[in-house]
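Architecture and fold: a report
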There are 2 protein chains.
Amino acid sequence: MRLTRAGEYAVRCVLHLAKQEPDALVSRQTIADQCRIPPHFLAKIAQQLAKAGIIEIMQGTRGGYRLIRRPAEVSLLEVIEAIIGEIFLNDCVIRPETCQASPDCAVHRVWVRARDELRRVLGSVSFEDLVREESCCLVRFPLSPPA
Amino acid sequence: MRLTRAGEYAVRCVLHLAKQEPDALVSRQTIADQCRIPPHFLAKIAQQLAKAGIIEIMQGTRGGYRLIRRPAEVSLLEVIEAIIGEIFLNDCVIRPETCQASPDCAVHRVWVRARDELRRVLGSVSFEDLVREESCCLVRFPLSPPA
DNA sequence: GTAAAATTGGACAGAAAAAGTCTCATTTCT
DNA sequence: AGAAATGAGACTTTTTCTGTCCAATTTTAC
Ligand code: SF4
Ligand code: SF4
């Protein structure tokens, strides 16, 4: 019952892009270094983010990644689900047919509620919010290695 | 980001016990059959539930499991966490030292909020609630095989 | 007391998912 | 054309989950 590492990396990556000037292009290596992500792993994650329409990938010598939507329009939920798929918490929430009790199961209904609530919380936070909240002091604790 | 099978089984097991008369003793085999749980797997789950003080295990010929607390006093959260451990969603929520950014990370704070909210939802439901909500119609859809 | 019937506790194996690595192909800039 | 970057997917390793097995223990029944 937890976020995968890939999901966490995706959030870091998008947050990093959201902190730059709009439409800034940042190389994969730079992001990997600053966000502590294995570069090749980041490549796979970026491909999924691109497929989801969140970032754009530029190839070539001066290539890299670019956020193609305004940070205010990208929610935490969206980035996470682009990587780990839709959050459902318990199988029966998304595939009721796997348990014949589901139509009348009170537990099932609780899971549906819990899932909705969790998605609501994550969906209510945009990357603009995150950047604004961090800008005050993150400078003191960069993710990049001290030296 | 989902409940493990063991967690789901634990909930079924406790719910089954909660449906019986108070202090009823039900054999492992009966629970395994009716709740569709591999019997030996159930044994391990029951051990954890017993350690958590939720059920009591009786050995011997007429042995089995018994709920030792009133259904109203057992929450869904408690049973789940007895099996899968405390819910934290993202590593840094429970072990901030794993990410040096945590003291100033806005994302971290969202995860803390999301975790609290999820635990609140699951913690607000007791097995008494679940039994009451189900009793109206579950009879038509027993978990046990049709024949 | 002994046998039968049930569970215990831990070891163990198989399966599945996650995490990370590697390589060759492709693209772009110079 | 060559250098420098990413693309795409195969591959390996690690971790977690799921389930099984068996000797030991406990209780009941005779
Ligand atoms: S018993 Fe209820 S909560 Fe469990 S899998 Fe079936 S429908 Fe879902
Ligand atoms: S970057 Fe923030 S959310 Fe991600 S692990 Fe670090 S503290 Fe947690």
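To start, this report covers the structure provided alongside it. Remember, it's a predicted structure, so these values are computed and weren't measured experimentally.

Residues and elements named next belong to chain B. Within the secondary structure, Ser 75 sits in the loop between strand 2 (64-67) and helix 4 (76-84). Overall, Ser 75 belongs to the buried group, its relative accessible area being 13%. A distance of 3.1 Å separates a polar side-chain atom of Ser 75 from the backbone nitrogen of Glu 78. Excluding its chain neighbours within four sequence positions, the residues that come into contact with Ser 75 are Leu 122, Gly 123, Val 125, Ser 126 and Phe 127.

Attention now goes to the protein's contact with DNA strand C. As a structural note, the neighbourhood of DNA strand C is formed by 21 residues, with A:Arg5, A:Lys44, A:Thr61, B:Arg28 and B:Ile57 the closest of them. Contact distances for DNA strand C include 3.2 Å between a base oxygen and a side-chain N or O atom of A:Gln59. Put simply, the parts of the chain that give the surface near DNA strand C at least two residues each are helix 1 (5-19) and helix 3 (39-51) of chain A together with helix 2 (28-35) and strand 1 (55-58) of chain B. Looking at side-chain class alone, the surface near DNA strand C contains seven nonpolar, 11 polar and three charged residues.

To continue, consider the relation of the copies chain A and chain B. Superposing chain A onto chain B requires a rotation of 180° together with a translation of 0.0 Å along the rotation axis, leaving an RMSD of 0.0 Å. Here the symmetry operator amounts to a two-fold rotation axis. The position closest to the rotation axis in chain A is occupied by the C-alpha of A:Met1, lying 2.2 Å away. Here 100% of the interface residues in chain A have copies in chain B that are interface residues too; the copies meet face to matching face.

Rules and cut-offs
- Residues numbered from 1 in each chain as written.
- Chains lettered and ligands numbered in written order.
- Predicted model: local features only at pLDDT ≥ 70, side-chain atom pairs only at ≥ 80, totals over all residues.
- Heavy atoms only, no water.
- Helix = DSSP H or I, 4+ residues; strand = E, 2+ residues; numbered from the N terminus.
- Buried < 20%, exposed > 50% of the residue type's maximum accessible area, 1.4 Å probe, protein only.
- Polar contact = N/O pair within 3.5 Å; in protein donor to acceptor, adjacent residues only side chain to side chain.
- Contact = heavy atoms within 4.5 Å.
- Near = heavy atom within 4 Å.
- Nonpolar A, V, L, I, M, F, W, Y, C, P; charged D, E, K, R; others polar.
- Least-squares fit on C-alpha atoms with pLDDT ≥ 70 in both.

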